[in-house]
Amino acid sequence: MKVAICEDEPMCVDLLDAFIKQWARENGIFVEVLSYGTAEQFLFDFGNDESIDLIFLDIKMGKMNGIELAHKLRSENNNVYIVFTTDSSEYVFEGYNVSALNYLIKPIEYNKCCAMLERVRKLTAERKYYLCKTSESLIRIPYEEILFIEMHSHNATINTSKGKYITRKTMTNILLELDSELFMKCHKSCIVNIQHISSISQKSITLSKNISIDVSMRYVADINKMYVKYYSNRG
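Residues numbered from 1 in each chain as written. Predicted model: local features only at pLDDT ≥ 70, side-chain atom pairs only at ≥ 80, totals over all residues. Heavy atoms only, no water.

A. Quick peek at the overall build of the protein. When its secondary structure is counted, the protein shows 6 helices and 15 strands. Taken across its 235 residues, the protein has 43% of its residues classed as buried. A separation of at least 24 residues holds for 54% of the contacts in the protein among residues at least 6 apart in sequence. Summing over all exposed atoms, the protein offers an accessible surface of approximately 12,800 Å²; the carbon and sulfur share of this is 51%. Each charge class in the protein was averaged separately, 28 positive and 30 negative side chains, and the resulting centres sit 10 Å apart. (Helix = DSSP H or I, 4+ residues; strand = E, 2+ residues; numbered from the N terminus. Buried < 20%, exposed > 50% of the residue type's maximum accessible area, 1.4 Å probe, protein only. Contact = heavy atoms within 4.5 Å. Areas by Shrake-Rupley, 256 points an atom, 1.4 Å probe, with all protein chains shown as cover. Lys, Arg positive; Asp, Glu negative; His and termini not counted. Charge placed at Lys NZ, Arg CZ, Asp CG, Glu CD.)

This is the structure in structure tokens:
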């Protein structure tokens, strides 16, 4: 689990850092804690590594405050959990606009900090990822970001809502590594994510972002069944 503290008060940083590490020890969980004194510093680091699970975000900071940073984050990433830290509850409703998990009033209490950490631990355990090994690095891609996967010879191009990643894998191996209730072949060289299907016809599938991909008649009926099952279970 990776946790960031974005806070310009050193005493508050030290307190949160101690709370997080104590909770980790008590629960036998490895937690990496990163600290940032400004929103700008956090954004610079986060642009190169989006694997942070939770950020404790101070609302009142320097040039860019916590609310502004949260809006910036949400325009690029919906996966990181945000917990605001503040000395006043007057900003609490702002949190709804950026899907904040909660807020903590300063001085922060250990039991309330632990409650947030435990909640995020459970939420991240439920979230599913695909580990994609590219020629340059190993990337953790949340299932919900994957739109479809195209096969080209021995390479697979993973098309996501944020970009494309190429990995050297066969379609058989890719399918074995993915959740069979969410991903399925739609023709001989393409796998589709059921979560992103908007509509299905006899010849094509429309995905979110208005993307259209071909579908083989051989797979239409099975994709329809999987699509109906997925949304029936959610309801």
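Once you've had a look at it, read on.
B. Just the pattern of salt bridges, in detail. Using the criterion set out here, one finds 11 salt bridges in the structure. The residue Arg140 makes a salt bridge to Asp53 at a minimum N-O spacing of 3.5 Å. Here Arg140, found in strand E7 (residues 138-142), pairs with Asp53, found in the loop between helix H2 (39-46) and strand E3 (54-58); they are 87 residues apart in sequence, far enough to count as distant. Residue classification places Asp53 among the buried residues on the basis of a relative accessible area of 7%. The residue Lys60 makes a salt bridge to Asp87 at a minimum N-O spacing of 3.5 Å. (Salt bridge = Lys/Arg side-chain N within 4 Å of Asp/Glu carboxyl O.)

C. Focus on unusual backbone geometry. Looking along the chain, the bond that leaves Lys106 and enters Pro107 is cis, with omega of -5°. Even without being a glycine, Ser153 presents a positive backbone phi close to 60°. Checked against the element boundaries, Ser153 lands in the loop between strand E8 (146-152) and strand E9 (155-160).

D. Just the packing of H2 against helix H3 (residues 66-76), in detail. Direction vectors running N to C along H2 and H3 enclose 15°, while the axes themselves pass 10 Å from each other. One finds that H2 runs roughly parallel with respect to H3. Considering only the axes of H2 and H3, their crossing is right-handed. Residues Ala39, Phe42, Leu43 and Phe46 of H2 form the contact with H3, whose own contacting residues are Leu69, Lys72 and Leu73. (Axes fitted to C-alpha atoms, helices over the stretch in contact; angles between N-to-C directions. Parallel < 35°, antiparallel > 145°, perpendicular 65-115°, else oblique. Left-handed = near helix turned anticlockwise from the far one by under 90°.)

E. Structural detail: the sheet that holds strand E2 (residues 32-36). Taken together, 5 strands build an open sheet; the order of strands is E2-E1-E3-E4-E5 and the sheet is parallel. Of all the strands in the sheet, just E2 and strand E5 (102-105) have a single pairing partner and so form its edges. Within the sheet, the average angular offset between the axes of one strand and its neighbour, ignoring direction, is 20°. Note that strand E1 (residues 2-6) and E2 share 5 bridges and pair parallel. (Pairing = 2+ DSSP bridges.)

F. Examining helix H1 (residues 10-27) more closely. Given a rise of 1.5 Å per residue, 18 residues ought to cover 26 Å, and the 26 Å separating the end C-alpha atoms of H1 matches this to within 8%. Those residues of H1 not exposed but buried are Cys12, Val13, Leu16, Asp17, Phe19, Ile20, Trp23 and Ala24. One side of H1 carries all its buried residues, which in axial view fall inside an arc of 165°. The exposed residues of H1 that point more than 90 degrees off its buried face are Pro10, Met11, Asp14, Arg25 and Glu26. In this structure, the buried side of H1 is in contact with E1, E2, E3, strand E4 (81-86) and helix H4 (110-126). Positive backbone phi, approximately 65°, marks Gly28, located one or two places after H1. (Expected span 1.5 Å × (residues − 1). Arc of directions from axis to C-beta.)

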